[in-house]
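Residue strings, one per chain:
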Amino acid sequence: MTIKIYVDADACPVKEETYKVAARYRLQTIVVSNSFMQIPQSPLISRIIVGAGADIADDWIAEQVVAGDVVVTNDIPLAARILAKDAHAIAPYGRAFTEDSIGLALAQRSLMEHIRSTGEITGGPPPFSSANRSRFLQALDQTIVREQRRRL
């Protein structure tokens, strides 16, 4: 079985980078979104449009992923579901989620949700930078290489 890359695409700033890395390794890439999204013409890239609603794209991705696949997502609960299937989850800013880091990430997310629910203004994430793109490219490439070696 070959590695597949799934992109949680609705707010993903690194789709083009993902396509380039996937093309280099000749990996099938599935772009999942709630609405139409332009994708490159390639037999390796496909588009899945799911219904509107919270977590519909996440649910679809989690159902399709098998061990060793790679998911590009900024959604921490989805990353936890992916790791539970022995697959890989990488955030667009270059963080590869791991079994060791996902518990803390979920706890931080829960804490921030609680703080926001009290009316506290927490601000948003910093602007996406070229350094984020570079870290993402490195994390994706390293993850694919490690998974290919594991399969040998």
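The rules behind these values
Residues numbered from 1 in each chain as written. Predicted model: local features only at pLDDT ≥ 70, side-chain atom pairs only at ≥ 80, totals over all residues. Heavy atoms only, no water. Helix = DSSP H or I, 4+ residues; strand = E, 2+ residues; numbered from the N terminus. Rg over C-alpha atoms; globule rule 2.2 N^0.38 Å. Buried < 20%, exposed > 50% of the residue type's maximum accessible area, 1.4 Å probe, protein only. Contact = heavy atoms within 4.5 Å. Areas by Shrake-Rupley, 256 points an atom, 1.4 Å probe, with all protein chains shown as cover. Lys, Arg positive; Asp, Glu negative; His and termini not counted. Charge placed at Lys NZ, Arg CZ, Asp CG, Glu CD. Core = buried A, V, L, I, M, F, W, Y, C linked by side-chain atoms within 4.5 Å.

Along the backbone of the chain there are five helices and six strands. Here the C-alpha radius of gyration of the chain, 15 Å, is about what a compact globule of 152 residues would show, namely 15 Å. Seen through its C-alpha atoms, the chain measures out along the principal axes to roughly 50 × 35 × 30 Å. For the chain, with 152 residues in total, the buried portion stands at 38%. Across the chain, contacts joining residues at least 24 apart in sequence account for 47% of those joining residues at least 6 apart. For the chain, the exposed surface amounts to about 8500 Å²; the carbon and sulfur share of it is 54%. Computed over 17 positive and 17 negative side-chain charges, the separation of the two mean positions in the chain equals 7 Å.

A separate point is the nonpolar core. Counting 21 residues, the largest nonpolar core has Ile5, Val31 and Leu140 as the members making the most contacts within it. For this core, the secondary-structure elements that each account for two or more residues are β1 (4-8), α1 (15-25), β4 (70-72) and α5 (130-151). Considering each element in turn, this core owes the most residues, four residues, to α5.

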